[in-house]
Amino acid sequence: MIITAVNVQIFSYPTRRAVDSAGHAHPGDVTQASMALLRIKTECGNEGYALGAPELIRPYVLDGFVRKVLVGANAFDREKIWHDLAHWQRGSASQLTDRALALVEQALWDWAGRKLNVPVHKLIGGYRDKVPAYGSTMCGDELPGGLSTPEEYGRFAETLVKRGYKAIKLHTWMPPVSFAPSVAMDIKACAAVREAVGPDIALMIDGYHWYSRTDALTIGRALEKLDFAWFEEPMMEDSAESYAWLAGQLDIPILGPESLGGKHLSRASWVKNDVCDILRAGVAGVGGIAPCLKVAHMAEAFGMDCEIHGNGAANLAVVGAIKNCTWYERGLLHPFLNYDEVPAYLKRLVDPMDEDGFVHLSDLPGLGEDIDFNYVETNTQHSY
Ligand code: MG
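What you are looking at is a predicted structure, and each value in this text was computed from that prediction instead of being measured. Here, residues in each chain are numbered from 1, in the same order as that chain's written sequence. Reporting in this predicted model follows two pLDDT cut-offs: at least 70 for local features of residues, and 80 or more for side-chain atom pairs to be given and counted; totals over whole chains, interfaces and linings ignore these cut-offs and use all residues. Side-chain descriptors were evaluated using all non-hydrogen atoms of the structure, hydrogens and water having been removed beforehand.

*Asks:* Sorry if this is basic, but what is going on with the sheet that holds strand E1 (residues 3-19) here?
*Replies:* In sheet architecture, strand pairing relies on hydrogen bonds along the backbone and comes in two forms, parallel and antiparallel. Judged by pairing direction, the sheet is antiparallel, and its four strands sit side by side in the order E3-E2-E1-E13 without closing on themselves. Both edges of this open sheet fall to strand E3 (47-52) and strand E13 (380-383), since each of them pairs with a single strand only. Taken pair by pair, the neighbouring strands of this sheet meet at an average axis angle of 20 degrees, ignoring direction. Pairing between two strands is assigned when DSSP locates at least 2 bridges connecting them. What counts as a helix is a DSSP run of H or I of at least four residues, what counts as a strand is a run of E of at least two, and both are numbered from the N terminus. Under this scheme, a helix contributes an axis fitted over its contacting stretch, all axes are lines through C-alpha atoms, and angles between N-to-C directions fall in the 0 to 180 degree range.

*Asks:* When you look at helix H6 (residues 183-197) in this model, what are you seeing that I'm missing?
*Replies:* Counting along an α-helix, one turn takes 3.6 residues, and residues three or four places apart therefore face a common direction. In this model H6 runs 22 Å from its N-terminal to its C-terminal C-alpha over 15 residues, within 8% of the 21 Å that 1.5 Å per residue would give. Buried means the residue's accessible area, taken with a 1.4 Å probe over protein chains only, is under 20% of the maximum for its type, while exposed means over 50%, and partly exposed covers the values in between. Along H6, the residues classified as buried are Val183, Met185, Asp186, Ala189, Cys190, Ala192, Val193, Arg194 and Val197. In what follows, residue pairs with any heavy atoms lying within 4.5 Å of each other are defined as contacts. Summarising the contacts, the buried residues of H6 are in contact with helix H5 (150-163), strand E5 (167-171), strand E6 (202-206) and helix H7 (213-225). Two residues or fewer past H6, glycine 198 is found with a positive phi of approximately 80 degrees. By this rule the span expected of a helix is its residue count minus one, scaled by 1.5 Å.

*Asks:* Teacher, can you tell me more about the pairing of E1 here?
*Replies:* Along any regular strand, the residues point their side chains to alternate faces of the sheet. As defined by bridge partners, E1 adjoins strand E2 (residues 25-42) across 15 bridges and the pair is classed as antiparallel. Among the inter-strand pairings, valine 8 is bridged to a residue of E2, identified as leucine 38. Joining the antiparallel neighbours E1 and E2 is a turn of five residues, in which glycine 23 adopts a positive phi near 90 degrees.

*Asks:* It is not clear to me how the coordination of the magnesium ion should be interpreted in this structure. Could you clarify?
*Replies:* Coordination shells were defined by N, O and S atoms within 2.8 Å of each metal, extended to 3.2 Å for Na, K and Ca; water is absent from the atom set, which can make sites look incomplete. Distances from the magnesium ion to its protein donors, namely Asp206 (OD), Glu232 (OE), Glu258 (OE) and Glu258 (OE), fall within the range 2.0 to 2.6 Å. When the donor residues of the magnesium ion are listed from N- to C-terminus, their spacing reads D-x25-E-x25-E. Remark: glutamate 258 occurs in the loop between strand E8 (254-256) and helix H9 (263-272) and glutamate 232 occurs in strand E7 (residues 230-232); sequence separation between them is 26 residues. When sorted by exposure, glutamate 232 lands in the same class as glutamate 258, which is buried.

Pasting the structure below:
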């Protein structure tokens, strides 16, 4: 099963997601965005696919590293390919990122699933066929009727519960919102949501990521009174000592690390040093499905849960393959957007949710992305 070609198509699609000056997504007018379709082809004619941001897999990255490692390799040798690519990272002057590594590895898993006619979540574990989702809100904003006040968070939470969600995670306000960050506003938003949904809905917060230890402690103590399920990334994750300090004083579980580099290796350090209560990994953040599974399995061996970061087919496949996580992160959600609308380049949602709040794992071979190849062809801007 020798890999003969690795190609990328950049295509446009309509989106209502806009990005503020600090990179946070908010609702906006309809604009055209670009997406990359990575395509790995083997000698037998089978293909595997991954969708991602074009800059991750731009021509320099594809020619300089990915093709050099993949073309001529056996597509089933994912672990060797992954390590060969990871070795290239050191000499790549930071050009070959963990996210690029993840995209390539994801396409290899998709190839294997399609080749073997098996969904990837069955191939890598096969623990469950459905999972409860938490509704993960967008960051707060200053859009009237959106997520601009604690009361609006409360009203949106009621809508999410009616839709079926049994859990909600707030992303609160961050700069450039004029009053952000605000410890007081974050606590008010959490209180408003608890008041709106009652005691039986699980709640979590992922707010400003640069709070001081003492501000984080203040929020954490408020969250304990509001019976929140976890407290996520309130401080810079580069300082493991700050997290150990915080976790040592709070009863509410501290979850992390999410944005910290270091793949599965840094997660091992967090476990050994008792830095957090629930471990965190996402496919893109740790460099692929395999390192994400390594984190989850390591956590299991230490009696810890590992909640998977982010939505999408690859993260959902990992959630479907492991026992020690409770939720799938569905979002980002906002009162002005309809998450249940199928993106133009897919024929169906990768994470359909029923009225009881369960997301059902795909039974399609591969990762479960039902790509509309006609749409991609018609809207292709360029290929390489
Ligand atoms: Mg987060």
